[in-house]
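Residue-level listing of the chains:
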Amino acid sequence: MSLTSKFKEAMVGLKAGRVTLDYPAHPRPVPENFRGRPIFDAQKCIGCAACANNCPAREILVLDVCQEVRILKYLGRRCTYCGRCSDVCPEKAITMSHEFETATNKISDVHQRLDLFMSTCQRCGRCFKETSPLEQLKLKGYRFDDLENERWIFRSRSFLESEPLVDDIKIELD
Amino acid sequence: MLRNLCQKMFGRSLWVYHANSGGCNGCDIEVLNVLTPYYDVERFGIKLVGSPRHADVMLCQGPAMRSTARALRCAYDAMPAPKLVFAIGGCACGGGIWHDSYPVLGPVEKVIPVNFYIPGCPPRPEAIIYGVAVAVGLVDKKVSPVEFKQLQMPIPRYHPSDLRGEGEMVVYEKAEKI
Ligand code: SF4
Ligand code: SF4
Ligand code: SF4
């Protein structure tokens, strides 16, 4: 180690110039195909829960508070920005935005919550599988004579119970 | 309040301790990236230290695991007050994609109090810098919760007072075609 090698090192350092980004003062654009936070569009969403079923982090929770209202909750805290939800969404209701500056002091700031109105299916009472397809046939609302005079409607749960009907949704709601 | 306190206390000398309690190393690499000349957080006086006893801020990566939760808690207790904890990455903020498996207890906030969250898997280095800048009060946070509510139910097909219960079903008294 001699003085010359130190001098050489200093020259290399000087030659590189200034490389540091002036980041928070100046915005830094992301690459074109960057995937950031998913944004949900309540106008397009039909509440099919395909996104919730395909999310590897189980980040999207779907719960029915009553017959007519389905709540879709995106927690945002352990989202990996993988884009699977937006890939499977049949209505293209999820956009992978370019937002990455999601730092916050309150984790509920990254939540998104949609209340979706679900209309009641006149054939099965629900628009998704109740128990099994065979048992569905036994439901009263499925019978064709009832359909004809529209006298039967499925009991609304809007005033009855607010806790989620499916047990495994207990994982972590907030 | 917290922000004012932070600005006063930490001014230009945040010493950070980097704790990985079971993440995949993705976030570690991004944190180290932030310390390189390219992003250079020493502009804000941030310096990496090797012991929690010297640190003001703990950068947590990875979820609280069954095997590391106790060590994480000890490291937190060893830090002198006032102290801040940053949860970096989806694992530390929410437990990661294996949040419901056996060895994962959950987000680090189950073990230690967390002051700032930086979600992402891993977050971009810029996102980490942004989180630090939010903490020291250089910029404002950009996110806020989004809620879409049905304020009004679409017109009901029946009036509740005309309903008569009958087992699982409800009969509409004034049956008429709609
Ligand atoms: S981007 Fe991936 S992890 Fe995030 S909500 Fe969509 S499917 Fe889940
Ligand atoms: S997949 Fe799309 S349409 Fe279906 S619930 Fe998710 S956001 Fe809504
Ligand atoms: S948040 Fe993602 S990148 Fe960071 S430790 Fe967890 S799995 Fe790895």
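Concerning the side chain of Thr104 of chain A
Part 1 of the argument: Within the fold, Thr104 of chain A resides in the loop between β4 (94-96) and β5 (112-117).
Part 2 of the argument: The class for Thr104 of chain A is buried, based on a relative accessible area of 0%.
Part 3 of the argument: Those residues in contact with Thr104 of chain A that lie beyond four places of it in its chain are Asp109 of chain A together with Asn115, Phe116, Tyr117, Lys141 and Val143 of chain B.

Examining the site of ligand 3
All names here are of chain B.
Part 1 of the argument: Around ligand 3 sit Gly23, Cys24, Gly26, Cys27, Gly89, Gly90, Cys91, Gly120, Cys121 and Pro122, and those are all the residues in its vicinity.
Part 2 of the argument: At the level of secondary structure, the elements contributing two or more residues to the shell around ligand 3 comprise α2 (26-34) and α4 (89-94).
Part 3 of the argument: Looking at the shell around ligand 3, the element that brings in the most residues is α4, giving 3 residues.

Regarding the site of ligand 2
Part 1 of the argument: For ligand 2, the full set of nearby residues is Cys45, Ile46, Gly47, Cys48, Ala49, Ala50, Cys51, Leu72, Cys89, Pro90 and Ile94 of chain A.
Part 2 of the argument: A class-by-class count of the residues in the shell around ligand 2 yields 10 nonpolar, 1 polar and no charged.

Let's talk about the environment of Ala133 of chain B
Part 1 of the argument: You can see Ala133 of chain B is positioned in helix α5 (residues 125-135).
Part 2 of the argument: Residue Ala133 of chain B is classed as buried on the basis of its relative accessible area of 1%.
Part 3 of the argument: Placed 92 residues apart in sequence, Ala133 of chain B and Val41 of chain B show a C-alpha to C-alpha distance of 9.9 Å.
Part 4 of the argument: If we ignore the near neighbours within four places in the chain, the residues touching Ala133 of chain B are Pro24 of chain A together with Leu138 and Val139 of chain B.

With respect to unusual backbone geometry
Part 1 of the argument: The omega torsion across Ala81 of chain B and Pro82 of chain B is 0 degrees, close enough to zero to call that bond cis.
Part 2 of the argument: Tracing the backbone shows Pro82 of chain B in the loop between α3 (69-78) and β5 (84-88).
Part 3 of the argument: Along the chain, Cys121 of chain B connects to Pro122 of chain B via a cis peptide bond; the corresponding omega equals -15 degrees.
Part 4 of the argument: Position of Pro122 of chain B among the secondary structure elements: in the loop between β7 (116-118) and α5.
Part 5 of the argument: One non-glycine residue, Ala49 of chain A, lies in the positive phi region at around 70 degrees.

Examining the sheet that holds β7 of chain B
Residue and element names in this part refer to chain B.
Part 1 of the argument: Across the sheet, which stays open at both edges, the 5 strands sit in the order β2-β1-β3-β5-β7 with parallel pairing between neighbours. Taken across any chain shown, the strands that pair with only one partner, and hence form the sheet edges, are β2 (47-49) and β7. Across the sheet, the mean angle separating the axes of adjacent strands is 30 degrees when strand polarity is ignored.
Part 2 of the argument: Bridge analysis of strand β1 (residues 15-20) against strand β3 (residues 57-61) gives 5 bridges, and the strand direction is parallel. In the strand pairing of β3, Ala19 is matched with Cys60.
Part 3 of the argument: Relative to β3, α3 is tilted by about 165 degrees, and along the sheet it contacts β1, β3 and β5.
Part 4 of the argument: Of the strands in this sheet, β5 and β7 are in contact with α5, which crosses β7 at around 160 degrees.

A look at the packing of aromatic side chains
Part 1 of the argument: Using the criterion set out here, one finds 4 aromatic pairs over all chains in the structure.
Part 2 of the argument: Ring centres of Phe40 of chain A and Tyr74 of chain A lie 5.3 Å apart, and the angle between their planes is 40 degrees; on these two criteria the pair is classed as tilted. Residue Phe40 of chain A is found in strand β1 (residues 38-40), and its partner Tyr74 of chain A is found in strand β3 (residues 69-74); the two are separated by 34 residues along the sequence.
Part 3 of the argument: Judged by relative accessible area, Phe40 of chain A falls into the buried class, the value being 10%.
Part 4 of the argument: Considering the side-chain rings of Tyr38 of chain B and Tyr39 of chain B, the 5.0 Å spacing of their centres and the 75 degrees angle between planes classify their relative orientation as edge-to-face.
Part 5 of the argument: On the basis of relative accessible area, Tyr38 of chain B is assigned to the partly exposed category, the value being 36%.
Part 6 of the argument: Of the residues examined, Tyr39 of chain B reaches a relative accessible area of 7% and is grouped as buried.
Part 7 of the argument: Cation over ring: Lys47 of chain B sits above Trp15 of chain B, and NZ or CZ is 4.3 Å from the ring centre.

What counts as what
Residues numbered from 1 in each chain as written. Chains lettered and ligands numbered in written order. Predicted model: local features only at pLDDT ≥ 70, side-chain atom pairs only at ≥ 80, totals over all residues. Heavy atoms only, no water. Helix = DSSP H or I, 4+ residues; strand = E, 2+ residues; numbered from the N terminus. Buried < 20%, exposed > 50% of the residue type's maximum accessible area, 1.4 Å probe, protein only. Contact = heavy atoms within 4.5 Å. Near = heavy atom within 4 Å. Nonpolar A, V, L, I, M, F, W, Y, C, P; charged D, E, K, R; others polar. Pairing = 2+ DSSP bridges. Axes fitted to C-alpha atoms, helices over the stretch in contact; angles between N-to-C directions. Phe/Tyr/Trp six-rings, centres within 6.5 Å; stacked < 30°, edge-to-face > 60°. Lys NZ or Arg CZ within 6 Å of the ring centre and 35° of its normal.

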